[in-house]
Amino acid sequence: MTTVIGMGAKLVVLYGTPDDPAAFDAHYRDVHAPLVEHLPGLERWSSAKFVGAADNGDLPYHRIVELHFADADALQAAFGSDEGKATAADYGQIAPSGSRMFIAVAD
């Protein structure tokens, strides 16, 4: 296993369960994802839908997204840009109740 010390930052987004999953997924795919792809400094990103809970518990989230940046400064700069503001505004429009965002850095 390789460990990277002191490099990298990511934004982890957990989307709550939408009232209309098909409409949410269509908007996410057709509108939101293209906004994400234009974030300056974005190194890579991934998105996946949850399909079950391994512990058979509740499934409070519909989708997880991870956006990777070189460091926390790059992440902050991305969301300070016009593209970042547009992405954040769209998130505010589509994020179902219970959605959460976390910033993680390698240590």
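Residues numbered from 1 in each chain as written. Predicted model: local features only at pLDDT ≥ 70, side-chain atom pairs only at ≥ 80, totals over all residues. Heavy atoms only, no water.

**Q** Outline the pairing of strand S1 (residues 9-16), listing residues and values.
**A** Counting buried positions along S1 yields seven of eight residues, so the element is predominantly enclosed. Examined bridge by bridge, S1 and strand S3 (residues 61-69) share eight bridges and lie antiparallel to one another. When the bridges of S3 are listed, Gly16 appears paired with Tyr61. Here S1 pairs with strand S4 (residues 100-105) via six bridges, running antiparallel. Following the sheet pairing, Ala9 is matched in S4 by Val105. (Buried < 20%, exposed > 50% of the residue type's maximum accessible area, 1.4 Å probe, protein only. Helix = DSSP H or I, 4+ residues; strand = E, 2+ residues; numbered from the N terminus. Pairing = 2+ DSSP bridges.)

**Q** If you had to explain the nonpolar core to someone new, which residues and values would you point to?
**A** Judged by nonpolar contacts, the single largest core of 18 residues is most densely connected at Tyr15, Tyr28, Leu67 and Phe69. Counting residues per element, the ones that place at least two in this core are S1, helix H1 (21-37), S3, helix H2 (72-80) and helix H3 (82-94). Residues in contact with Tyr28, not counting those within four places in the same chain, are Tyr15, Ala33, Pro34, Trp45, Ser47, Arg63, Val65 and Ile94. (Core = buried A, V, L, I, M, F, W, Y, C linked by side-chain atoms within 4.5 Å. Contact = heavy atoms within 4.5 Å.)

**Q** Which residues make up the confidence of the model for the protein, and what values go with them?
**A** In this model, the protein carries an average pLDDT of 94, and 93% of its residues clear a pLDDT of 70 or more. Confidence drops under a pLDDT of 50 for residues 1-5, and excluding neighbours within four residues, the segment shows three contacts in the predicted structure. (pLDDT = per-residue confidence, 0-100.)

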